[in-house]
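Okay, here's what each chain looks like letter by letter:
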Amino acid sequence: MLHPFMEELATALGEAGIATLRFNFPFMEKPKKGPPDRPPVAHKTIEAVIAKAQKLFPSLPLFVSGKSFGGRMTSQYLAENQQMAVKGIVFYGFPLHAPGKPSIERGDHLKKIKLPMLFLQGSRDEFAEFGLITKVTASLKKTKLIRIEGANHSYKAGKLNMMEILVSETKKWIDTLLKS
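An account of the accompanying structure is given in this report.

Cut-offs used in this document
Residues numbered from 1 in each chain as written. Predicted model: local features only at pLDDT ≥ 70, side-chain atom pairs only at ≥ 80, totals over all residues. Heavy atoms only, no water. Helix = DSSP H or I, 4+ residues; strand = E, 2+ residues; numbered from the N terminus. Contact = heavy atoms within 4.5 Å. Polar contact = N/O pair within 3.5 Å; in protein donor to acceptor, adjacent residues only side chain to side chain. Axes fitted to C-alpha atoms, helices over the stretch in contact; angles between N-to-C directions. Parallel < 35°, antiparallel > 145°, perpendicular 65-115°, else oblique. Left-handed = near helix turned anticlockwise from the far one by under 90°. Nonpolar A, V, L, I, M, F, W, Y, C, P; charged D, E, K, R; others polar. Pairing = 2+ DSSP bridges. Phe/Tyr/Trp six-rings, centres within 6.5 Å; stacked < 30°, edge-to-face > 60°. Buried < 20%, exposed > 50% of the residue type's maximum accessible area, 1.4 Å probe, protein only. Lys NZ or Arg CZ within 6 Å of the ring centre and 35° of its normal.

Remarks on the environment of T143
Here is step 1 of the chain: Residue position: T143 is located in strand β4 (residues 143-148).
Here is step 2 of the chain: Separated by 55 residues in sequence, T143 and G88 place their C-alpha atoms 9.7 Å apart.
Here is step 3 of the chain: For T143, the contacting residues outside a window of four places in its chain are M117, F119 and T137.
Here is step 4 of the chain: Within the local environment of T143, its side chain forms a polar contact with the backbone oxygen of K141, the two atoms lying 3.0 Å apart.

Listed below in structure tokens is the structure:
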């Protein structure tokens, strides 16, 4: 949660009127970094964060999001655990496959999710070949895919202002959902 990208995104979203609640998965709290948490541990973390957000901010509409692993673990959790308070999911770079190993199996669980989903994907994302993420999202209801031309998984894309694009697209999507 202290990664410069996450801090900058949270600040920019806050300036746009979107409150954020950042957290770390348990593996990130260990002094010696190891492999990511197994899904059961990550899912329990997601469950706890959703409950905490509801307790702290009961009157605010609740959207969940994640960058890469965080988004995938959140969507896996929500595919198996309907959360009535959650209004939608924003993926900041969904990790559809390992770099250099294109496949779509990591997206199978998304078919179970009934919530609106926003995918903000770079056209050069090494964790999601754009043709494959397009195929996966096209089969999902209530889903919007935004192609960010030239961006990779870290949202590096030359001189484009990535934060402006990410925040603008997130805000437009959330505003549209809240009006309907």
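Quick look at the packing of helix α1 (residues 4-15) against helix α5 (residues 162-179)
Here is step 1 of the chain: Orientation of α1 relative to α5, taken along the N-to-C sense of each, is 50°, at an axis distance of 10 Å. If you check the angle between α1 and α5, you find them oblique. Every pair of crossing elements has a handedness; the one defined by α1 and α5 is right-handed. In this structure, α1 contributes F5, E8, L9, A12 and L13 to the contact, and α5 contributes M163, L166, V167 and T170.
Here is step 2 of the chain: The residue makeup of the contact of α1 with α5, split by class, is seven nonpolar, one polar and one charged.

Here's the deal with the pairing of β4
Successive residues of a regular strand alternate their side chains across the two faces of the sheet.
Here is step 1 of the chain: Both strand β3 (residues 117-122) and β4 contribute to a ladder of six bridges, which runs parallel. In the strand pairing of β4, L120 is matched with I146.

Structural notes on the packing of aromatic side chains
Here is step 1 of the chain: Tallied over the entire structure, the rule returns eight aromatic pairs.
Here is step 2 of the chain: Relative to F94, the ring of F91 lies with its centre 5.2 Å away and its plane at 90°, an arrangement referred to as edge-to-face. Residues F91 and F94 agree in their burial class; the two are buried.
Here is step 3 of the chain: With centroids separated by 4.4 Å and ring planes inclined at 25°, the aromatic side chains of F91 and F119 adopt a geometry described as stacked. A residue pair is termed long-range when its members are at least 10 positions apart, and F91 in strand β2 (residues 86-92) and F119 in strand β3 qualify at 28 residues. Like F119, F91 is buried.
Here is step 4 of the chain: An aromatic cluster is present here, built from F23, F25, F27 and F69 joined pairwise through their rings.
Here is step 5 of the chain: One Lys or Arg, R147, reaches over the ring of F130 and ends 4.6 Å from the middle of that ring.

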